[in-house]
Amino acid sequence: QVHLVESGGGSVQAGGSLRLSCAASGRTFSSYAMAWFRQAPGKEREFVAAITWGAERTLYADSVKGRFTISRDNAKSTVYLQMNSLKPEDTAVYYCAARQTVSERPSQYAFWGQGTQVTVSS
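Cut-off values and rules
Residues numbered from 1 in each chain as written. Predicted model: local features only at pLDDT ≥ 70, side-chain atom pairs only at ≥ 80, totals over all residues. Heavy atoms only, no water. Disulfide = S-S within 2.5 Å. Helix = DSSP H or I, 4+ residues; strand = E, 2+ residues; numbered from the N terminus. Buried < 20%, exposed > 50% of the residue type's maximum accessible area, 1.4 Å probe, protein only. Phe/Tyr/Trp six-rings, centres within 6.5 Å; stacked < 30°, edge-to-face > 60°. Lys NZ or Arg CZ within 6 Å of the ring centre and 35° of its normal. Pairing = 2+ DSSP bridges. Salt bridge = Lys/Arg side-chain N within 4 Å of Asp/Glu carboxyl O.

A. Region of the structure containing the state of the cysteines. As enumerated under the stated definition, the model contains one disulfide in all. For Cys 22, the disulfide goes to Cys 96, at an S-S distance of 2.0 Å. As the torsion about the S-S bond is roughly 50 degrees, the Cys 22-Cys 96 disulfide counts as right-handed. Remark: Cys 96 occurs in strand S9 (residues 92-99) and Cys 22 occurs in strand S3 (residues 18-26); sequence separation between them is 74 residues. For Cys 22, a relative accessible area of 0% translates into the label buried. Among the residues examined, Cys 96 registers a relative accessible area of 0% and is labelled buried.

Here's what the structure looks like:
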């Protein structure tokens, strides 16, 4: 079992930046691939970014490439999402998730955080 808690959400103007954090507890964090997903009102949950357990590989949705960066600190059992050049369409609840290997499909993740709201105004 892995318990995930996100933080760092908030309201920002377009062009601004936020850094989300996801702290993990429970089973060995370093053995899990981690991902960020987001869900806007009335829309399905969508993949944002993922990172392998050793951070040797990262994946990004096309919509965030070049603007968002996923990273992790296994010593702190924490994964981060640095979000720059934010746009109003980035507004959503952001969730972190864990599984043993990287996937872009939310249905394949067993462990989820409670989510943190990100609101970008124009």
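Let us keep going from here.
B. Structural detail: the packing of aromatic side chains. Evaluation of the coordinates by the stated rule reveals six aromatic pairs. Joined through ring pairs, the aromatic side chains of Phe 37, Phe 47, Tyr 95, Tyr 109 and Trp 112 make up one cluster. The residue whose ring lies beneath Arg 45 is Trp 112, and the NZ or CZ to ring-centre distance is 4.7 Å. When the ring centre of Phe 29 is taken as reference, the NZ or CZ atom of Arg 72 above it lies at 4.4 Å.

C. Representation of the pairing of strand S1 (residues 2-7) within the structure. Burial along S1 is one-sided: Val 2, Leu 4 and Glu 6 are buried, and none of His 3, Val 5 and Ser 7, which face the opposite way, are. In this structure, S1 lies alongside S3, joined through six bridges in antiparallel fashion. Residue pairing across strands places Val 5 opposite Ala 23, the latter belonging to S3.

D. Examining the pattern of salt bridges more closely. Tallying each qualifying case throughout the model produces four salt bridges. The closest approach of N and O atoms between Arg 38 and Glu 46, which form a salt bridge, is 2.6 Å. Residue Arg 38 is classed as buried on the basis of its relative accessible area of 6%. Ionic pairing is found between Arg 38 and Asp 90, a salt bridge with its closest N-O pair at 2.9 Å. With a gap of 52 residues between them, Arg 38 in strand S4 (residues 33-39) and Asp 90 in the loop between strand S8 (78-83) and S9 connect regions that are remote in the sequence. Note on accessibility: Arg 38 and Asp 90 belong to one class, buried.

E. Summary view of unusual backbone geometry. The backbone phi angle of Ala 55 is positive, close to 65 degrees, even though this residue is not glycine. Positive phi, close to 55 degrees, is recorded for Ser 77, a residue that is not glycine. The residue Ser 77 is located in the loop between strand S7 (68-73) and S8 in this model.

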